[in-house]
Amino acid sequence: MKALFLVPMLAAASAFAAEPALSAADTLNATQRAQPVTPRSGGPNVLRAQVLLDRAHFSPGEMDGSYGGNMRQAIRGFQKLRQLTVSGTIDAATWKELERDEAPVLAVYTVTARDVAGPYAPVPSDMAGKARLPALGYASLAEALGERFHCSPELLRRLNPGKKLNKAGEQLLVPNVAIIKPLPKATSVLVDATEGTLTLLDAGGMPFAQFPASTGSKHDPLPEGRWQVRGVATNPEYRYNPKLFWDAKAGDTKARIAAGPNNPVGLAWIDLSIEHYGIHGTPEPGKIGKTQSHGCVRLTNWDVMQVVRAVGRGATVLLQS
């Protein structure tokens, strides 16, 4: 895919007619920037915090400019790493640590003709319908751009009122996440069902990255224990077997689902040493940490791709509730 054309937002975003409440993320005054971020917060300071957390490898999941459970866990993980008071709210000390990253939190992206061309197609909700498609690509450019910039399509629309997301040459305000640095290799992975998180640890057992995760349900609880990574597949096909799903519909049959971001396991599958279980992506990033899974560990597509690059065959995976 053509390289992104990104321009840091160093000045006021009025030239782009963006919604002031969100486009001000880079132009807040000192008093506004110092405001704490709490469960009642929303707007440009929350978006600013979400981008900074994401770039620090403590993912808030799908960014939306609002404080939610995934953001709370990201803040807590960041505070633990930096040996701050673990509160789940961004106070002055936490802002100080986050703001060691001085790059702008918004950037400008110019929509390309290739972006507009797609192809894009509606994705059926049933497995039989999915099995008939030659690929499980994006349903729209808004969805594709949302995944590329780690945010909801609605956030892009709010940042760009009056703009057409599917118009070549259109300049859009987006979260400045293209500068996220690659992760080092992880020795082990900790998945905590109670916290709803997946954490990467180094050889000394110290955490250095955290991601929100959906981790099972009462029908398919997380298989607690110590396992290993058996292999990693990117852009995988998916083999659907209704016998493995308690909620399979009557008449469902085995199906082979083509690869793509809207494949049931998204852009990657990390195979674990327990049959039928793995860590994988999802076609529904907005539901991560908010809905249950069928026992596997589910991440956003962009987060699972970071994990894929950080883990290798033989890495230890500890699953706990």
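Look above for the structure.
Residues numbered from 1 in each chain as written. Predicted model: local features only at pLDDT ≥ 70, side-chain atom pairs only at ≥ 80, totals over all residues. Heavy atoms only, no water.

J.: Just checking my understanding: could you explain the overall build of the chain for this structure?
T.: Each helix and strand counted, the chain has ten helices and 13 strands in total. Looking at the chain as a whole, 51% of its 321 residues are labelled buried. Here the chain has roughly 14,800 Å² of accessible surface; of this, 53% comes from carbon and sulfur atoms. (Helix = DSSP H or I, 4+ residues; strand = E, 2+ residues; numbered from the N terminus. Buried < 20%, exposed > 50% of the residue type's maximum accessible area, 1.4 Å probe, protein only. Areas by Shrake-Rupley, 256 points an atom, 1.4 Å probe, with all protein chains shown as cover.)

J.: Honestly, the pattern of salt bridges in this entry has me stumped. Any pointers?
T.: Close approach of charged atoms allows side chains with opposite charge to pair. The tally for this structure, following the rule as stated, stands at eleven salt bridges. A salt bridge links Arg256 to Glu237; the nearest nitrogen and oxygen atoms lie 2.8 Å apart. With a gap of 19 residues between them, Arg256 in strand 9 (residues 255–257) and Glu237 in the loop between strand 7 (225–234) and strand 8 (238–240) connect regions that are remote in the sequence. Classification of Glu237 by relative accessible area gives partly exposed; the value is 40%. Across the pair Glu284 and Lys287 runs a salt bridge whose closest N-O atoms are separated by 3.1 Å. Residues participating in the shared-partner salt-bridge network are Arg33, Arg48 and Glu99. (Salt bridge = Lys/Arg side-chain N within 4 Å of Asp/Glu carboxyl O.)

J.: I tried to follow the packing of aromatic side chains on my own but got confused; where do I start?
T.: Here a ring pair, both rings aromatic, is described through the centre-centre distance and the interplanar angle of the planes. Taken as a whole and assessed by the stated rule, the structure comprises two aromatic pairs. Ring geometry for Phe58 against Phe78: centres 6.1 Å apart, planes inclined by 85°, an arrangement best described as edge-to-face. Of this pair, Phe58 sits in the loop between helix 3 (44–55) and helix 4 (69–81) while Phe78 is found in helix 4, placing the two residues 20 residues apart along the sequence. Of the two residues, Phe58 and Phe78, both sit in the buried class. For the cation-ring pair, Arg48 lies above Trp95, with the distance from its terminal atom to the ring centre recorded as 4.1 Å. (Phe/Tyr/Trp six-rings, centres within 6.5 Å; stacked < 30°, edge-to-face > 60°. Lys NZ or Arg CZ within 6 Å of the ring centre and 35° of its normal.)

J.: What should I look at first to understand the pairing of strand 10 (residues 268–272) in this one?
T.: Each regular strand carries side chains that alternate between the two faces of the sheet. Taken across its five residues, strand 10 has five buried, putting it largely inside the fold. Side-chain alternation along strand 10 places Ala268, Ile270 and Leu272 on one buried face and Trp269 and Asp271 on a second face that is also buried. Summarising the sheet, strand 7 and strand 10 pair through five bridges and their orientation is antiparallel. Its bridge partner lying in strand 10, Val232 is registered against Ile270. Note: strand 10 against strand 11 (residues 278–280), three bridges, orientation antiparallel. Bridging across to strand 11, Trp269 finds its partner in His280. Remark: five residues form the turn of the hairpin made by strand 10 and strand 11, two consecutive strands paired antiparallel; His276 in that turn has positive phi of roughly 75°. (Pairing = 2+ DSSP bridges.)

J.: Is there a simple way to think about the nonpolar core in this case?
T.: Within soluble globular proteins, side chains that are nonpolar generally end up buried alongside one another. If you look at the biggest cluster of nonpolar residues, it comprises 40 residues, and the most contacted ones within it are Leu53, Met71 and Ile90. Looking at this core, the elements with two or more residues in it are helix 3, helix 4, helix 5 (92–98), strand 2 (106–110), helix 8 (141–148), helix 9 (153–159) and strand 3 (171–175). Each residue touching Ile90, except ones within four places of it in the same chain, is listed here: Pro36, Val37, Ala49, Met71, Ile75, Trp95 and Leu98. If you look at the next biggest cluster of nonpolar residues, it comprises 38 residues, including Val189, Tyr238, Ile257 and Val317. (Core = buried A, V, L, I, M, F, W, Y, C linked by side-chain atoms within 4.5 Å. Contact = heavy atoms within 4.5 Å.)

J.: Can you help me understand the side chain of Glu147 in this one?
T.: On the secondary structure map, Glu147 appears in helix 8. Buried and without a salt bridge, Glu147 has Arg148 as its closest oppositely charged side chain, separated by 9.3 Å. Glu147 has contacts with Tyr138, Pro261, Thr282, Pro285, Asn301 and Trp302, leaving out every residue within four places of it along the chain. (Lys, Arg positive; Asp, Glu negative; His and termini not counted.)

J.: How should I be thinking about the side chain of Lys130 in this particular structure?
T.: You can see Lys130 is positioned in helix 7 (residues 127–131). There is no salt bridge for the buried Lys130, and the closest opposite charge comes from Asp126, which lies 6.5 Å off by N-O distance.

J.: Sorry if this is basic, but what is going on with the sheet that holds strand 7 here?
T.: Within a sheet, neighbouring strands are paired by backbone hydrogen bonds and run either parallel or antiparallel to one another. Taken in spatial order, the eight strands make up an open sheet running 6-5-4-13-7-10-11-12, and their pairing is mixed. Each edge of the sheet is formed by a strand with only one pairing partner; in this case those strands are strand 6 (207–212) and strand 12 (297–298). Direction of pairing for strand 4 (residues 188–192) relative to strand 13 (residues 316–320): parallel, over a ladder of five bridges. Its bridge partner lying in strand 13, Val191 is registered against Leu319.

J.: How should unusual backbone geometry be read in this particular structure?
T.: A negative phi angle characterises most non-glycine residues, just as the trans form characterises most peptide bonds. Between Gly118 and the following residue, Pro119, the backbone shows a cis peptide bond with an omega angle of 10°. Unlike most non-glycine residues, Gln83 shows phi in positive territory, near 60°. Tracing the sequence through the fold places Gln83 in the loop between helix 4 and helix 5. Among the residues examined, Gln83 registers a relative accessible area of 75% and is labelled exposed. Positive phi outside glycine occurs at Asn235, with the angle close to 50°. Among the structural elements, Asn235 can be located in the loop between strand 7 and strand 8.

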